[in-house]
Amino acid sequence: MEHDFLPINGTDYVELYVGNAKQSALFYQYAFGFELLGYAGPETGVKDRASYVLKQDKIRLVLTTPLFEDHPIADHIKKHGDGVKVLALWVDDAEKSWKETTSRGAISYEEPKTIKDAFGEVKVASIHTYGETIHTFVERKNYKGLFLPGFIEKKTEYKTQPIGLKYIDHCVGNVGWGEMNKWVEFYEKTMGFNLLITFDDKDISTEYTALMSKVVSSGNGYIKFPINEPAEGKKKSQIEEYLDFYNGPGVQHMAIATDNIIHTVTELRKRGVEFLEVPESYYTDLLDRVGKIDEDLQPLKDLNILVDRDEEGYLLQIFTKPVQDRPTLFFEIIQRKGAKSFGKGNFKALFEAIEREQGLRGNL
Ligand code: FE2
């Protein structure tokens, strides 16, 4: 393999810009089992915004809201609604990562800088990716604090019950008509990613809607970014609906891995998280399609969990409905049992489920 000019250790954090971070923080604690870890805001000397950092196993979410009308984050929320702003990548050298990528054509969002507090220092630098989304390179080898300099520890009375969410498996971006290859090329050329898989409209189409997708992966395979673009169908594609409501490209879903999807989804449902439903018929010949699996069929059917198999094994997955009122960001819960793919065998059943929801919203 060629020299990897952008070695990435993993996802560092995902930051969402939201209309009310205080309330969103409680939603992700209560419904998704995250633990409140830290806070930055007026009380800590950050005058224009409030940020809450939440954690579950290896996953860190940051929820940020602006405090003033005349603020770039307020503009972001007005345009996109709640959504992902930062896909932060954990690296050993933030400045080098920024230089390697900007010298290959990435557009800088923020030049390398060092932030410090009593627990040490963190170097960060950011580049633009699709839409208004950015990648922040985070170098934290000289930092012992809980998250980033400036954040203070924050706890709540509410006792979080983790539900088995472990790490971010992949993050999917929706881009505009005909833009998929441009962004795949961006990840290949400026970030040294490799093209893993291609799905065309023959793989992913239903009677009404179609999309095309390619998956790129970092040199070491730790980071996977599928990129979707809409394709021509009889009616409005789900990607088009996203682009209309997000007002442009952005993160469509984050897939979070669990070791026990039955437990995780049971808990999520109990706490009010809503999922896409597939018809009963999906389960009738499921075992003929995917072969022998370790799990009993009944709980999978009761919870509406999908199964798919590839050459290396199988996977279990389920998709939430959008987690805000705009039909934009949603989550996938995934358990891999050998399979390294993305559930191609479920695309049709899944997209028909999405179309039913789209139809209810009058956007088909
Ligand atoms: Fe996915």
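Residues numbered from 1 in each chain as written. Predicted model: local features only at pLDDT ≥ 70, side-chain atom pairs only at ≥ 80, totals over all residues. Heavy atoms only, no water.

Time to look at the UniProt feature "domain: VOC" (unreviewed entry) in the protein chain. In the numbering adopted here, UniProt assigns the feature "domain: VOC" (unreviewed entry) to residues 10–140 and 167–321. Summarising residues 10–140: 21% helix, 48% strand, and an end-to-end C-alpha distance of 12 Å. (UniProt positions renumbered as here; feature names shortened; annotations may be inferred. Helix = DSSP H or I, 4+ residues; strand = E, 2+ residues; numbered from the N terminus.)

Within the protein, His170 (NE2), His253 (NE2) and Glu332 (OE) serve as the donor atoms for the iron ion, at 2.0 to 2.2 Å. The motif formed by the donor residues of the iron ion, counted along the single chain, is H-x82-H-x78-E. Here His253, found in strand β14 (residues 250–258), pairs with Glu332, found in strand β17 (residues 330–337); they are 79 residues apart in sequence, far enough to count as distant. Classification of Glu332 by relative accessible area gives buried; the value is 2%. (Donors = N, O, S within 2.8 Å, 3.2 Å for Na, K, Ca; no water. Buried < 20%, exposed > 50% of the residue type's maximum accessible area, 1.4 Å probe, protein only.)

We now examine the environment of Glu357. By the element assignment, Glu357 lies in helix α10 (residues 347–360). Beyond its immediate chain neighbours, meaning those up to four positions away, Glu357 contacts Leu276 and Lys321. (Contact = heavy atoms within 4.5 Å.)

Quick look at the domain arrangement of the protein chain now. Domain parsing of the protein chain yields domain 1 (10–153) and domain 2 (165–361). For domain 1 versus domain 2, the distance between C-alpha centres works out to 25 Å. If you look at the interface, domain 1 gives 42 residues, while domain 2 gives 35 residues. At the boundary of domain 1 with domain 2, total buried surface from both sides reaches about 3,000 Å², with 68% on carbon and sulfur atoms. Between Lys166 and Asp57 there is a salt bridge, with its nearest N and O atoms 3.5 Å apart. Remark: the boundary between domain 1 and domain 2 carries 10 residue pairs in polar contact (both at pLDDT 80 or more). Looking at the side of domain 1 that touches domain 2, the elements with two or more residues in it are β1 (10–17), α1 (21–30), β4 (59–66), α2 (72–80), β5 (83–90), α3 (94–102), β7 (120–128) and β8 (134–139). Ranked by the residues each element gives to the side of domain 1 that touches domain 2, the list is headed by α2, at 5 residues. Taken together, the residues of the side of domain 1 that touches domain 2 sort by class into 18 nonpolar, 16 polar and 8 charged. (Domains from an automatic or database assignment. Buried area = accessible area lost by both parts, 1.4 Å probe. Salt bridge = Lys/Arg side-chain N within 4 Å of Asp/Glu carboxyl O. Polar contact = N/O pair within 3.5 Å; in protein donor to acceptor, adjacent residues only side chain to side chain. Nonpolar A, V, L, I, M, F, W, Y, C, P; charged D, E, K, R; others polar.)

All right, on to the pairing of β17 then. The element β17 is largely enclosed, with a buried count of 6 among its 8 residues. Pairing analysis gives 5 bridges linking β14 to β17, with the strands arranged parallel. Bridge assignment links Ile256 to a residue of β17, and that residue is Ile333. Relative to β17, strand β16 (residues 313–319) runs antiparallel, the two being bridged by 5 bridges. What sits directly across from Leu315, in β17, is Arg336. (Pairing = 2+ DSSP bridges.)

Along helix α5 (residues 238–246), the residues that are buried comprise Gln238, Ile239, Glu241, Tyr242, Leu243 and Tyr246. Two to three positions downstream of the cap, the backbone nitrogen of Ile239 sits 2.9 Å from a side-chain oxygen, assigning the N-cap of α5 to Ser237. Positioned one or two residues after α5, Asn247 has a phi angle of 60 degrees, which is positive.

Turning to the packing of aromatic side chains, a few remarks are in order. Tallied over the full model, the rule gives 19 aromatic pairs. Look at Phe32 and Phe331: their rings are 5.0 Å apart centre to centre, the planes differ by 50 degrees, and that puts the pair in the tilted class. Taken together, the positions of Phe32 in the loop between α1 and β2 (35–40) and Phe331 in strand β17 put the pair 299 residues apart, joining distant regions of the chain. Residue classification places Phe32 among the buried positions, given a relative accessible area of 0%. For the ring pair Phe193 and Phe225, a centre distance of 5.8 Å and an interplane angle of 15 degrees mean the geometry is stacked. Of this pair, Phe193 sits in the loop between α4 (180–191) and β11 (194–199) while Phe225 sits in strand β13 (residues 224–231), and the two are 32 residues apart along the sequence. Phe193 gets classed as buried once you look at its relative accessible area, which sits at 3%. The class for Phe225 is buried, based on a relative accessible area of 4%. Put simply, the rings of Tyr130, Trp183, Phe186, Tyr187, Phe193 and Phe225 touch in pairs and so form one group of aromatic residues. (Phe/Tyr/Trp six-rings, centres within 6.5 Å; stacked < 30°, edge-to-face > 60°.)

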